Amino acid sequence: MKYAISPAEVTSLAVAGSEERFPVNRIFCVGRNYAAHAREMGKDPDRDPPFFFMKPSDAAVDASQPVTIPYPSQTTNFHHEIELVVAIGKGGSNIPVDSAEEHVWGYAVGLDMTRRDLQLEARDKGRPWEFGKSFALSAPIGALHRAADVSSPTKAAIALTVNGEARQSSDVEKLIWSVSECIAHLSQYEVLKPGDLIMTGTPEGVNAVRRGDVMRGSVQGLGEIFVTVAA
Ligand code: MN
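Predicted model only: the values in this text are computed from it and were never measured.

### With respect to the packing of aromatic side chains
The full count for this structure, using the stated rule, is 5 aromatic pairs. Look at F51 and W129: their rings are 5.8 Å apart centre to centre, the planes differ by 85°, and that puts the pair in the edge-to-face class. Placement of the pair is F51 in the loop between α1 (35-40) and β4 (52-55) and W129 in the loop between α2 (116-124) and α3 (130-133), with a sequence separation of 78 residues. On the accessibility criterion, W129 (18% relative accessible area) is buried. Between the aromatic rings of Y71 and F78, the centroid separation amounts to 5.3 Å while the plane-to-plane angle is 65°, which identifies the pairing as edge-to-face. Grouping residues by exposure puts Y71 and F78 together as buried. Taken together, F51, F53 and W129 form an aromatic cluster joined through their ring pairs. Over the aromatic face of Y71 sits the side chain of R211, whose NZ or CZ is 4.2 Å from the ring centroid.

Dropping the structure here:
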């Protein structure tokens, strides 16, 4: 194989307790998957089917160690969204809810960083969310914990502080659509592949960060991440 230009680097994440890296394929994100967050975004929470948007693989940032991300261009309202991240190890399509967990390789805590001003402008104009959501380095993610090593996070505190002040605090048991339901639904539309990530949505309390702010995010059982916004 001789490429016409050098291929892009593979983005990878750390694996807890291992030298191995997890190569990131696609990043699927679930929208409005906690009722209180749907309400704060001005929408009625409901059991409409889950909806998804995507981030490019180079959105992923290894946050297994404290890490700094840039303040992105073209925004003045850069928001944090703390989320449970699911890594797919076994692909498939039309995956039944009952066997969805067999496709999970591991779990991590991550941030769906959002240019909220651009997202809301796009939403209100009926345009795609891309510039608000899908940009490089917008998804710092902690070390992945193998599903075999942790109990599946069906009830686990999820929290984010900024400069030590509480911003988001909830429990993943409040997900409107569970991890298994998200996998089942998504796999009806796309053939899931090993290396795909699913960011499962954020609880209420999303808000802006400023240059120099330090975010500390955690999901019980999956450790914590420290992410600084570059000064
Ligand atoms: Mn999100």
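### Here's the deal with the sheet that holds strand β14 (residues 165-171)
With mixed pairing, 5 strands are arranged side by side in an open sheet as β6-β18-β17-β13-β14. Only two strands of the sheet have a single partner each, and these edge strands are β6 (67-69) and β14. The average undirected angle you get between the axes of adjacent strands in this sheet is 20°.

### Structural notes on the state of the cysteines
Summed over all chains, the structure comprises 0 disulfides. Cysteine C29 is unpaired, with the sulfur of C182 as its nearest cysteine sulfur at 11 Å. Since its relative accessible area comes to 1%, C182 is described here as buried.

### Looking at the coordination of the manganese ion
The coordination sphere of the manganese ion contains the protein donors E81 (OE), E83 (OE) and D112 (OD), at a distance range of 2.0 to 2.1 Å. Ordering the donors of the manganese ion by residue number gives the pattern E-x1-E-x28-D. As far as burial versus exposure is concerned, E81 and E83 are alike and both buried.

### Here we look at the nonpolar core
Of all hydrophobic cores here, the largest spans 43 residues; its most connected members are F78, L111, I183, I198, M215 and V227. Contributions of two or more residues to this core are made by β3 (27-30), β6, β8 (82-88), β9 (104-111), β13 (157-162), α4 (179-186), β17 (214-219) and β18 (224-229). Those residues within four positions of M215 in sequence are excluded, and the remaining contacts are I69, H80, L111, M113, L160, T161, V162, V209, I225, F226, V227 and V229. L13, V15, W129 and L197 belong to the second largest nonpolar core, which has 18 residues in total.

### Some details on the pairing of β14
By the bridge criterion, 6 bridges tie β13 to β14 in an arrangement that is antiparallel. Paired with L160 across the bridge in β14 is Q168. Hairpin connection, β13 to β14: the antiparallel pair is bridged by 2 residues, and N163 has positive phi, about 50°.

### A closer look at the side chain of T11
Inspection of the secondary structure assignment puts T11 in the segment before β1 (12-14). Beyond its immediate sequence surroundings of up to four residues, T11 is in contact with F22, P23, V24, S57, D58 and A60.

### A word on the pairing of β4
Residues F53 and K55 point to one face of β4 and are all buried, whereas F52 and M54, pointing to the other face, are not buried. Alignment of β3 against β4, held across 4 bridges, turns out to be antiparallel. Across the sheet, F28 pairs through a bridge with M54, a residue of β4.

The rules behind each value
Residues numbered from 1 in each chain as written. Predicted model: local features only at pLDDT ≥ 70, side-chain atom pairs only at ≥ 80, totals over all residues. Heavy atoms only, no water. Phe/Tyr/Trp six-rings, centres within 6.5 Å; stacked < 30°, edge-to-face > 60°. Helix = DSSP H or I, 4+ residues; strand = E, 2+ residues; numbered from the N terminus. Buried < 20%, exposed > 50% of the residue type's maximum accessible area, 1.4 Å probe, protein only. Lys NZ or Arg CZ within 6 Å of the ring centre and 35° of its normal. Pairing = 2+ DSSP bridges. Axes fitted to C-alpha atoms, helices over the stretch in contact; angles between N-to-C directions. Disulfide = S-S within 2.5 Å. Donors = N, O, S within 2.8 Å, 3.2 Å for Na, K, Ca; no water. Core = buried A, V, L, I, M, F, W, Y, C linked by side-chain atoms within 4.5 Å. Contact = heavy atoms within 4.5 Å.

Geometric values such as these leave the question of function open.
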